[in-house]
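Listed here are the chains, written in short residue letters.
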Amino acid sequence: MDNSCPEPSPTGEVSLCIQCRKCTAGCPLADSADVPVNELIARLKLGDLDAVRAATALWECLGCHACSTRCPTGANPGEALDRFRAELAAAAKPPASRAGAFHLAFLKTLRRKGRSDEARLMLRIYLRHRPTREELRRGLAMWRKGRVRALGKAIRARRDLRKIFALARGPGGE
Ligand code: SF4
Ligand code: SF4
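I will try to describe carefully the structure that is included in this document. (Residues numbered from 1 in each chain as written. Chains lettered and ligands numbered in written order. Predicted model: local features only at pLDDT ≥ 70, side-chain atom pairs only at ≥ 80, totals over all residues. Heavy atoms only, no water.)

## Some words on the packing of aromatic side chains
Argument step 1. By the definition in use, this model includes one aromatic pair.
Argument step 2. On the basis of an interplanar angle of 10° and a centroid distance of 6.0 Å, the ring pair of F102 and F106 is categorised as stacked. Of this pair, F102 and F106 both sit in helix α7 (residues 98-113), separated by four residues, roughly a single helical turn. (Phe/Tyr/Trp six-rings, centres within 6.5 Å; stacked < 30°, edge-to-face > 60°. Helix = DSSP H or I, 4+ residues; strand = E, 2+ residues; numbered from the N terminus.)

Written out as structure tokens, the structure reads:
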């Protein structure tokens, strides 16, 4: 019987995952993740997409790709998560978790203005997820110190910004 690892795939496919958990062993968020990266990949492989979408770990992922570096089969878990997040963002699928709401709201603000717009960001998140007392306290402190602009201006090079987002989406992404 051949016990050697399969050759890594140049593109990466979740179907190549053998649940060895090496990705989770190297993930910097493994201790705090609600769902470990190997399980996210297992669920993607099974087509259990709603469970992956609802996992806070999907949205707290740092995109460091330490998992992919350690993956012996070329399943490339980091890229699989990147792709899935991008698909959800493109389809404007609202994520169930607060971390997900923050991720998409931040991306939307960035795409429109080229910089963070705290007031709109908070509005988008807190309309769907009620703020905690601590968040209200911190928000108020930021407001008092002038750290929350009511009408954050966009950067001047918005055309370049659109090109960058189109490039990130790939061919025909404009
Ligand atoms: S994604 Fe790769 S490292 Fe992670 S469990 Fe699957 S085969 Fe192992
Ligand atoms: S890319 Fe995400 S899942 Fe992979 S090791 Fe980094 S934080 Fe963990």
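Anyway, onward from the coordinates.
## Re helix α9 (residues 133-144)
Argument step 1. Compared with an ideal rise of 1.5 Å per residue, which puts twelve residues at 16 Å, α9 spans 17 Å between its outermost C-alpha atoms and is within 8% of the ideal.
Argument step 2. Phi turns positive one or two residues past the end of α9, at G146, with a value near 75°. (Expected span 1.5 Å × (residues − 1).)

## Notes on the site of ligand 2
Argument step 1. What surrounds ligand 2 is the set C27, P28, V37, C61, L62, G63, C64, H65, A66, C67 and L81.
Argument step 2. A molecule is said to occupy a pocket when more than half its atoms come within 2 Å of that pocket's grid points, and by this definition ligand 2 occupies the largest cavity. (Near = heavy atom within 4 Å. 1 Å grid on protein atoms, 1.4 Å probe; cavity = no way out; pocket = protein on both sides within 12 Å on 5 of 7 lines; lining within 4 Å. Sits in = over half its atoms within 2 Å of the grid points.)

## A word on the site of ligand 1
Argument step 1. By nearness alone, 13 residues border ligand 1, and C17, C20, R21, C23 and C71 come closest of all.
Argument step 2. Applying the majority rule of atoms within 2 Å of the grid points places ligand 1 in the second largest cavity.
Argument step 3. Looking at the shell around ligand 1 residue by residue, the class counts come to eight nonpolar, three polar and two charged. (Nonpolar A, V, L, I, M, F, W, Y, C, P; charged D, E, K, R; others polar.)

## Describing empty space enclosed by the protein
Argument step 1. Summed over the entire model, instances satisfying the criterion amount to two cavities of 30 Å³ or more.
Argument step 2. Estimates place the volume of the largest cavity at around 180 Å³.
Argument step 3. Elements with a contribution of two residues or more to the lining of the largest cavity: α2 (37-46), α4 (56-60) and α5 (66-70).
Argument step 4. Across the lining of the largest cavity, the residue classes tally to 16 nonpolar, two polar and one charged.
Argument step 5. Roughly 100 Å³ of internal volume is contained in the second largest cavity.
Argument step 6. In terms of lining residues, the second largest cavity is bounded by C17, I18, Q19, C20, R21, C23, I41, C71, P72, T73, A75 and P77.
Argument step 7. Of the residues that constitute the lining of the second largest cavity, the class distribution is nine nonpolar, two polar and one charged. (Points joined across faces, edges and corners; volume = space filled by probe spheres on them.)

## Section: the pattern of salt bridges
Argument step 1. The final tally for this structure, using the stated rule, is ten salt bridges.
Argument step 2. As a salt-bridge pair, R120 and D117 come within 2.9 Å of each other at their nearest N and O atoms.
Argument step 3. We note a salt bridge from R138 to E134, for which the minimum N-O separation is 2.9 Å. Within this pair, R138 and its partner E134 are both found in helix α9, separated by four residues, close to a single helical turn.
Argument step 4. Exposure remark for E134: the relative accessible area of 35% places this residue in the partly exposed category.
Argument step 5. Each of E39, R43 and D48 takes part in one network of salt bridges that share partners. (Salt bridge = Lys/Arg side-chain N within 4 Å of Asp/Glu carboxyl O. Buried < 20%, exposed > 50% of the residue type's maximum accessible area, 1.4 Å probe, protein only.)

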